[in-house]
Amino acid sequence: MSKTKIANQKYPLKTFDTIPMLKPHTPLLDGVDSPADLKKMSTAQLQQLADELREFLLYTTGVSGGHFGSNLGVVELTIALHYVFNSPKDQIVWDVGHQAYPHKILTGRRDKLTTIRSQHGLTAFPERHESEYDTFGVGHSSTAISAGLGMSLAMRYLGKRDKVVSIVGDGAMTGGMAFEAMNDAVQQNADLIVVLNDNDMSISQATGGFSKHLATLWQRGLAVDIDKNGDAIFTKRVISSEDRRIRHYLHMANEALDDWTSRLPNKIVEKLAEKGIPKPSQLETLPEKIANKLIDEVFPENLFKAIGFQYFGPFDGHDVAKLTQIFERVKQLKGAVLVHVHTVKGKGFLPAECDPITYHAITKLKKINPAQEKSVPVDSQKPVPTPAKKYSQVFGEFICDKAATDKKLMAITPAMAEGSGMTEFAKRFSSQFFDVAIAEQHAVTLAGGMATQGVKPIVAIYSTFLQRGYDQLIHDVALQNLDVMFAIDRAGLVGEDGATHAGVFDIAFMRTVPNMVIACPKDENECYNLLNTCYEHIGPSAVRYPRGNGIGAEIDKNQAMYPIGKAALEQTIDANATGTGNVAKKVAVLAFGTMVKTAVTACQNLAETYPTTTFFVYNMRFVKPLDSELLDTLLAQNCSIVTLEEHQVMGGAGSAVNEYIVAQAAKTSQVLPTLLNIGIPDKYIAHGSPEQQLADCGLDVAGVVKQMQTILS
């Protein structure tokens, strides 16, 4: 029977302000080798386990580096899920997966967690090959409800009665795919539990109408609870004045409750008046029909209920006792259910709670040996070298410089303002900055719409995320030849983030699109000026640049313009310094992007072994259009051609060179030269350091030398 009650008081959690350098004492956690071990614990022990798990997370992430705030925020939620549900038979699906470290710890990988993101260590995200508890491989946003629904429908068909739980963040809910799946779940009458982990964040601050909608549900101080019979319970919650969502709405719980009468039908008001309308502090059990009507009226615009989900919440996501109670009850229900929990990103670590953006992820902490530190002399006069700029910093400087002189510049990001280097631009040019949340498809088409009005939109996006907007790039931008520039960050291998975030397909999927211009800078200076070149170009264009720091090249900010589709001879390398030796062979190395430096070093090494060979290293700058004049010259000279790129060989820049050379040779009846394409092979590259990944692909200097020797012997 539906009724009302006052919500339970939350358990005081242990908090930390430093990251431990030594492994903490965790007696309960040390006894958890699988979720089955959780089920033997009492509620009090679960609360102690949460404290131990949080402290262990602090320690291990300090050792390995990695995602930080999001994992601290789901400690209690993860414990409750594995306590109640029978994984791996019950399928627990994490969205994105950067919050899955506690899940890994509780599913038999505790002692390996310090290896996370390291070569041959645990992956940064759930992966099916790593554990039977990782039900679906993730890394991109907004997929968990679709995957969970697919599991549920297949299990229904196979006659299985196990449960499926999809855990989705409020940031991921801004991706349209999540709502496509919810719509279909209702249509299919599927048994599916969706847990909305609402922390008012993605990587950056959550934005948009959906964020405000969740704030409305939370700030009312009301909740839809569930009793042991599965019936709805109308409750009042305590709201903290420190709650982040107050930035959206200042009205508090009592105001919402006092406003009941203004929104209830007259018949209900009259019925309540017979007993006296309850004040917020005097909630009593109400008849079922009236309680249900209150729920409908006080949550009239609840989006999830409108779609057709059974909605419960919002609940305190750090109250492990309450969460276990809720999950025990909702798992008995049939149909599509959504449990709304509120968590704090960085919970329990005070610096992360205060600054969740900075503490989204951390690097490894350096271990200091006091004895060694004292024995090493310090030269106070020695200057500290200035680190090279990150490519995202170069992009950030360019858009600020350009916007200062061009008011038509519009910058768009799908929830990656910090990662893409746009924070300064957002402050200085707020009316020209658009964070559209995790909505890559929308970001691309939004830019197309802007371009029709004579402004110049720049879509700043990671290569791996542009994959999600491919149809929009073709249909909504390139087909109409609209003036949109794509600033593609994280192009190439991305080190510890692994295969899910690698930007190694964009050349292949963009170069087949008519009207596109694709540029690949070799260093920071070329990045800045190729951004300017493509910005001034009329039509769709893309500049792709890697993750991390450049090589320290000085940037000329006079905003140079490079001829589109023209390469530059970077260096001629001949072991005969005078150039008078007997040159028996010519090799042209066509290097794309940051592979130019590797190409020069590799050819310098080879020149010592092959003194009768002259190496011509070209900085190609553009994948599309290619420098056809250069290629015609190399073909006429029967020069051996090597292409070098940090991208898949299949369909990449080398493939484009091959296509042109083969077609021209057939057209002009010339002999085909020797062709060698060096790039990433047809496989996914496992996580590791950038250096390890390049070596794995044969894209370090030694690997390039070895491959080039096959055409020189």
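Everything here concerns the structure above.
Residues numbered from 1 in each chain as written. Predicted model: local features only at pLDDT ≥ 70, side-chain atom pairs only at ≥ 80, totals over all residues. Heavy atoms only, no water.

Quick look at the overall build of the chain
Threshold: Numbering of helices and strands starts at the N terminus; helices are DSSP runs of H or I of at least 4 residues and strands are runs of E of at least 2. The rule is simple: take the accessible area with a 1.4 Å probe, protein chains only, and divide by the maximum for that residue type; under 20% is buried, over 50% is exposed, in between is partly exposed. Note on contacts: a residue pair is in contact if any heavy atoms of the two residues lie within 4.5 Å. Each accessible area is a Shrake-Rupley estimate made with a 1.4 Å probe; only the visible protein chains count as cover when residues are assessed.
The secondary structure content of the chain amounts to 28 helices and 22 strands. Within the chain, the fraction of its 713 residues that count as buried is 57%. Here the contacts in the chain between residues at least 6 apart in sequence split such that 79% fall between residues at least 24 apart. Counting every atom, the chain has about 30,000 Å² of accessible surface; 52% of that belongs to carbon and sulfur.

Digging into unusual backbone geometry
As a rule of thumb, non-glycine residues mostly have phi less than zero, and peptide bonds are mostly trans rather than cis. At the junction of Ser-87 and Pro-88, the peptide bond is cis and its omega measures out at 10° in the coordinates. Residue Pro-314 follows Gly-313 across a cis peptide bond; omega there is 0°. Note on placement: Pro-314 falls in strand S8 (residues 310-316). The backbone of Arg-117 shows a phi angle near 75°, a positive value even though the residue is not glycine.

Some remarks on the packing of aromatic side chains
Convention followed: A pair of aromatic rings is counted whenever rings of Phe, Tyr or Trp (Trp by its six-membered ring) have centres within 6.5 Å, and the orientation is called stacked for planes under 30 degrees apart, edge-to-face for over 60 and tilted otherwise. Placement of a positive charge over a ring is assigned whenever Lys NZ or Arg CZ falls within 6 Å of the ring centre and within 35 degrees of the normal to the ring plane.
Across all of its chains, the model carries 14 aromatic pairs by this definition. Ring geometry for Phe-349 against Tyr-359: centres 5.8 Å apart, planes inclined by 75°, an arrangement best described as edge-to-face. Separated by ten residues along the polypeptide, Phe-349 in the loop between strand S9 (336-342) and helix H15 (350-354) and Tyr-359 in the loop between H15 and strand S10 (361-362) bring together distant segments of the chain. Here Phe-349 falls in the buried class, since its relative accessible area comes to 3%. Take Tyr-359: its relative accessible area is 24%, and that puts it in the partly exposed class. Aromatic side chains Tyr-462 and Phe-465 sit 5.5 Å apart centroid to centroid with 10° between the ring planes, which places their arrangement in the stacked category. Accessibility assignment for this pair places Tyr-462 and Phe-465 in one class, buried. Three or more aromatic residues joined by ring pairs make a cluster, and in this case those are Phe-68, Phe-349 and Tyr-359. Across from the ring centre of Tyr-535, 5.5 Å away, lies the NZ or CZ of Lys-456, which sits over that ring.

Let's talk about the sheet that holds strand S18 (residues 585-591)
The test is simple: By definition, two strands form a pair when at least two bridges between them are found by DSSP. Comment: axis = line fitted to C-alpha atoms, over the contacting stretch for helices; angle = value between 0 and 180 degrees taken between N-to-C directions.
Read across the sheet, five strands follow the order S17-S19-S18-S21-S22 without closing on themselves; strand pairing throughout is mixed. Looking along the sheet, the strands with just one partner apiece sit at the ends: strand S17 (568-574) and strand S22 (675-680). Taken over all neighbouring pairs, the strand axes of this sheet differ in orientation by 20° on average, direction set aside. Looking at chain direction, S17 and strand S19 (residues 613-619) are connected through six bridges and run antiparallel. Paired with Leu-569 across the bridge in S19 is Tyr-618. Across the face of the sheet, helix H26 (residues 653-668) comes into contact with S18, strand S21 (640-648) and S22 while running at roughly 145° to S21.

With respect to the nonpolar core
Condition: Nine residue types can take part in a nonpolar core, namely buried Ala, Val, Leu, Ile, Met, Phe, Trp, Tyr and Cys, and a core is a set of them joined through side-chain atoms within 4.5 Å.
Leu-81, Met-173, Phe-304, Phe-327 and Val-330 are the most contacted members of the largest nonpolar core, which has 83 residues in total. Among the elements that take part in this core, helix H2 (residues 43-64) stands out by supplying eight residues, more than any other. Apart from residues no more than four positions distant in its own chain, Val-330 is found in contact with Ile-193, Ile-226, Phe-312, Val-337 and Val-339. Among the nonpolar cores identified, the runner-up in size contains 50 residues, and Ile-412, Phe-616, Leu-630 and Cys-639 belong to it.

Re the state of the cysteines
Simply put, the disulfide is a covalent bond whose two ends are the sulfur atoms of two cysteines. Put simply, the rule reads: Cysteine sulfur pairs qualify as disulfides if the two atoms are within 2.5 Å.
Under the definition given, this model contains zero disulfides. Unpaired in terms of disulfides, Cys-534 finds its nearest cysteine sulfur in Cys-520, a separation of 9.7 Å.

As for helix H5 (residues 101-109)
One full turn of an α-helix is made of 3.6 residues, so residues set three or four places apart face in the same direction. H5 sits mainly inside the fold: eight of its nine residues count as buried. Buried residues of H5: Tyr-101, Pro-102, His-103, Lys-104, Ile-105, Leu-106, Thr-107 and Arg-109, and no others. Those residues of H5 that are buried are in contact with helix H1 (35-38), H2, strand S2 (66-67), helix H3 (69-72), helix H4 (75-84) and strand S3 (91-94).

Overview of the side chain of Arg-54
What counts here: Between N or O atoms, a polar contact is any pair within 3.5 Å; within protein, one atom must be a potential hydrogen donor and the other a potential acceptor, and residues adjacent in sequence are included only when both atoms are from side chains.
Counting through the fold element by element, Arg-54 comes out in helix H2. Of note is the side chain of Arg-54, whose polar atom sits 3.0 Å from the backbone oxygen of Leu-72. The contact partners of Arg-54, leaving out residues within four places of it in the chain, are Leu-13, Phe-16, Leu-72, Val-75, Glu-76, His-318, Lys-347 and Gly-348.

Description of the pairing of strand S6 (residues 222-226)
For S6, the buried fraction is high: five of the five residues fall into the buried class. Residues Leu-222, Val-224 and Ile-226 of S6 are buried on one face, and the alternating residues Ala-223 and Asp-225, pointing to the opposite face, are buried as well. Of the pairings in the sheet, the one linking S6 to strand S7 (residues 232-236) comprises five bridges and is antiparallel in character. The residue bridging Ala-223 from the neighbouring strand is Thr-235, located in S7.

Side note on the sheet that holds strand S15 (residues 517-519)
Judged by pairing direction, the sheet is mixed, and its seven strands sit side by side in the order S12-S11-S13-S14-S16-S15-S20 without closing on themselves. The open sheet has two free edges, formed respectively by strand S12 (433-435) and strand S20 (622-624), since each of these has just one partner strand. This sheet shows a mean twist of 20° between the axes of neighbouring strands, independent of strand direction. Across four bridges, the pairing between strand S14 (residues 485-489) and strand S16 (residues 541-544) is parallel. Bridge pairing in S16 links Ala-487 to Val-543. Along the sheet, helix H19 (residues 440-451) makes contact with strand S11 (409-413), S12, strand S13 (456-462) and S14, crossing S13 at roughly 165°. Running at roughly 170° to S16, helix H23 (residues 524-536) makes contact with S11, S13, S14, S15, S16 and S20 of the sheet.

Function cannot be inferred from these measures alone, as they are strictly geometric.
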